[in-house]
Amino acid sequence: MRLAILSAVLFLSGISALIFETLWLRLSGLAFGNSVWAAALILSSFMAGLALGTAIAASAKFRSRPLKLYAGLEVAVAVFGCTIVFTLPVIGELLRPLFQTLWSHQAILLGLRVAISFLILLIPTTAMGLTLPVVLEDPVLADQRFGRAIGLLYGFNTIGAVLGALIGELFLIKAFGLLGTSLCAGALNIVAAIIALVLASRDERPTRPPLQRSSEEAGRLRFKFDYQPPWKLLIVSFGAGLLLLCLEVVWFRFLRLYITSATSAFSLMLAVVLAGIGIGGAISGAISRLSRNALSIFLLIAAIATLLCYQFFPIPKVKPGEANFYLEAWQIIAGLAIALMFPVSLISGVLFPAIASAVQKTVGNRMNSVGIVTLFNTAGAALGPLLTGFVLLPRFGFQTSLVLCALGYAVLALLIAGRTFWASGFSRLVLIALLLAFVVTIVLFPFHRDQVHFFNARKLYENEGQHLVMKIEGTSDTWQLLRRDLFGRPYYYRLVTNGFSMSATNPVNQRYMRSFAYLPMALLPGAGNALLIAYGCGVTADALTHDAGLQEIDIVDISKEVFSLSADYRDAGYSNPLTNSRVTAIIQDGRFFLEASPKHYHIITGEPPPPKVAGAVSLYTEEFFRLMSERLDDGGIATFWLPIYQLSVDETKSILRAFHNAFPNTIVWSGPDEEWVMMGIKGTLQNIYPDYVQNLFHNPDTKSDLSRIGIEAPEELMTMFLMDGDQIDQITRETKPLTDLYPRRLGDITQVDPAIHEFALDYIQSSSAAARFRASRLIQQIWPNASAAQLAPFFV
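Since this is a predicted model, take the numbers as computed values, not measurements.

### Concerning the sheet that holds strand E4 (residues 478-486)
One open sheet holds the 4 strands; their spatial order is E3-E4-E5-E6, and the pairing between them is antiparallel. Since the sheet does not close on itself, it has two edges, and those belong to strand E3 (466-473) and strand E6 (500-504), each with one partner. Sheet twist, expressed as the average angle between the axes of neighbouring strands with direction ignored, equals 30 degrees. Here strand E5 (residues 489-497) runs beside E6; their pairing, made up of 4 bridges, is antiparallel. Of the residues in E6, the one forming a bridge with Leu495 is Ser503.

Spelled out as structure tokens, the structure:
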């Protein structure tokens, strides 16, 4: 009964821990940046706190009731966890002047961000790392077999994390925002603490000291390694943690060739991995104790399963006319994730309690044995994402990385077997058979299978006559550059990121992408510098270089691979803007660049990933738009992409409300295929004279570029007008803005909402657009000489 209650307690703790982890990493990214290095090191600082907690558990001895200590740890997680969520946005604001001071010293700035994130997360993550080892010190559990106890406790704690991964992102954040979700997680910690205190108060059995000590030591917490660590088992624990996290990164990268890159999809994939670990832990508890040969057997099974699950991955079928393999149905995502990841995750869940049980034979003390095993396992898990993201994937690709992980499991199996491998008996025969099976699996492995998956990711576009030019497996994504030819010459290019078409240079896209640059250049002829956030295919950057008046053009993108592809776009009316002497390419998270760079601009424009791609929502919130405004000089202009065809009507209104809150002087312009351009003018409004707009058409370079996208007269540029801030106020009266604390006001589904077409149609009809233009107070202020009658034919 006691074990069942404590399993339920750790189940609640697991839910809370995963929710808090999600919130902390999300907010740390907003405060300290989401570049590849920053995100990886912030995650490592989280893991380092867990490792510190397990290191304390590995060396501590105490006489106080462990469940009372456990209750205190849960309260600490609740209090400090919620405090971090509430204060991280404020900390980011307070640190901004320091970041700007250190901007020219990027190495120091990165180290500072990691150090600050580590210190902020130190107390709650250390407490999290201590919880499981401390519970295992409960003297009542001494009557339970150690292997059974740790298997069930570890399993239920991890299964709780499964629920946390699902309800946090899918329900709580949507309903209560980040702050409310943190309070829900903290409440679960408090409930777990109360149950533990009730158990401790009812427990009348004397506390069993783990080691006999003098009365002078009684009641003191002591830190001392007084045992000989079983190094082989600890190395296997380290390797198992390393390999599983390496595989998790590889699996996620591979699955993104087929499924949506939405936040809910990542939560579902993580839940599958955690479910495998949790169920495996429970199974290990039922088995209770495994020999070293049994550990070797499980490791070899993991090695074989790693290869076979990939080799026999059930490629989904796409019906004719469907948009590639960009799958969004949760049933399909769950099925694919289970087929690929669940078997190895299950085995990993079996291994951890089994290794801890074997270590306990040598260490004796239950808390110490769990602590030191977890310490090595967590250290390996912390290294895994760094090794995979920065070494394995960029150098070898996802398929070879997967094979290397399988080899790693085989090496661990041979290491732990040692001399017993050659002993007689049934286990020896099983080991030899599995080792031969692994060798055969490697020999017969289809090393060209990855080309099938890359082809499937671009299949829709190849069917449209586009062919592969270049493929890059980078630190964060897989990139495929496609080209379509016309009459033997390059016609346009398409950049496919994982399984999603992120950008293209076809004529329709060229029109709105170049409008990002030409609209502010037409209204602000004296602009001397510009900032572009997100490079894409370089179309907007190319348009900026056509303005001879711009002396400095900074381009910020989070992926170096996007810049490295710039030389592969040839002909098709395109010149590589990165070769222009005025252009500076900066590899950085666009949001952190706005926070930390001290530079101001006359023009800022952005065409980031679509808002429903995981992580991109933070580039469409009110806080982000306010950052853009802060980096503009007075009278400066910002333009930003709004792909309403990917949104619902309410989501569109939420983003418009957020943008207008940041820019009181807002104009929305039309683009083709419901690609809208939001424009914000900061501060002082200046009158726009016809000669200003005419400047673009007097310059042969900009005139020919504008003509190529169907804009041949100044009036055509101006009659792209859709609405201004007054109209936004009218249609968003009952709408709440998209904010950092309420990111789930934007859903995940990208299927077209039929209502969005009706919404857009009302604004692009010539008569209604002309009427709004004529009635716009903002237009009258900045362009007093505009004649609606003169522009009427151009609206049509």
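Read on for the rest.
### Focus on the pattern of salt bridges
Counted under the stated rule, the structure contains 18 salt bridges. Taking the shortest distance from any N to any O, the salt bridge between Asp705 and Arg708 comes out at 3.0 Å. Residue Asp705 and its partner Arg708 are both found in helix H20 (residues 700-708); the two are separated by 3 residues, about one turn of the helix. With a closest N to O distance of 2.8 Å, Asp726 and Arg777 form a salt bridge. Of this pair, Asp726 sits in helix H22 (residues 725-731) while Arg777 sits in helix H25 (residues 777-782), and the two are 51 residues apart along the sequence. Each member of the salt-bridge network shares a partner with another, and the members are Arg514, Asp542, Asp705 and Arg708.

### Points about the environment of Phe625
With respect to the helices, strands and loops of the structure, Phe625 is situated in helix H17 (residues 622-630). A relative accessible area of 0% places Phe625 in the buried class. With 13 residues separating them along the chain, Phe625 and Ala638 place their C-alpha atoms 9.1 Å apart. Excluding residues that lie within four positions of it along the chain, Phe625 makes contacts with Leu619, Tyr620, Phe640, Ile655, Ala658, Phe659, Ala662, Phe663 and Met678.

### A few points about the packing of aromatic side chains
What the rule picks out here adds up to 34 aromatic pairs. Ring geometry for Trp24 against Phe46: centres 6.1 Å apart, planes inclined by 55 degrees, an arrangement best described as tilted. Here Trp24 is found in helix H1 (residues 2-32), whereas its partner Phe46 is found in helix H2 (residues 36-59), with 22 residues between them in sequence. Exposure class is identical for Trp24 and Phe46. Each is buried. Centroid distance Phe624 to Phe640: 5.6 Å. Interplanar angle 55 degrees. Geometry classified as tilted. Residue Phe624 is found in helix H17, and its partner Phe640 is found in strand E11 (residues 632-643); the two are separated by 16 residues along the sequence. There is no split in this pair, since Phe624 and Phe640 are both buried. Grouping aromatic residues by their ring pairs yields a cluster made of Phe254, Tyr258, Tyr310, Phe313, Phe398, Phe445, Phe447 and Phe454. If you follow Arg113 out to its NZ or CZ, it ends over the ring of Phe592, 4.1 Å from the centre.

### Considerations on the sheet that holds strand E13 (residues 675-681)
Pairing within the open sheet is mixed, and its 8 strands lie in the order E9-E8-E7-E10-E11-E13-E12-E14. On the outer flanks of this sheet lie strand E9 (583-587) and strand E14 (721-724), each paired with one strand and no other. Taking the axes of each pair of neighbouring strands and ignoring which way they run, one obtains an average angle of 20 degrees across the sheet. Pairing between strand E7 (residues 529-533) and strand E8 (residues 552-557): 5 bridges, direction parallel.

### With respect to the packing of helix H18 (residues 649-662) against helix H23 (residues 754-764)
The geometry of H18 relative to H23 is characterised by a closest axis approach of 8 Å and an angle of 50 degrees between their N-to-C directions. Between H18 and H23, the angle falls in the class oblique. Across from Val649, Thr652 and Lys653 in H18, the residues of H23 making contact are Ala755, Ile756 and Phe759. A per-class count over the contact of H18 with H23 returns 4 nonpolar, 1 polar and 1 charged.

Cut-offs and rules
- Residues numbered from 1 in each chain as written.
- Predicted model: local features only at pLDDT ≥ 70, side-chain atom pairs only at ≥ 80, totals over all residues.
- Heavy atoms only, no water.
- Pairing = 2+ DSSP bridges.
- Helix = DSSP H or I, 4+ residues; strand = E, 2+ residues; numbered from the N terminus.
- Axes fitted to C-alpha atoms, helices over the stretch in contact; angles between N-to-C directions.
- Salt bridge = Lys/Arg side-chain N within 4 Å of Asp/Glu carboxyl O.
- Buried < 20%, exposed > 50% of the residue type's maximum accessible area, 1.4 Å probe, protein only.
- Contact = heavy atoms within 4.5 Å.
- Phe/Tyr/Trp six-rings, centres within 6.5 Å; stacked < 30°, edge-to-face > 60°.
- Lys NZ or Arg CZ within 6 Å of the ring centre and 35° of its normal.
- Parallel < 35°, antiparallel > 145°, perpendicular 65-115°, else oblique.
- Nonpolar A, V, L, I, M, F, W, Y, C, P; charged D, E, K, R; others polar.

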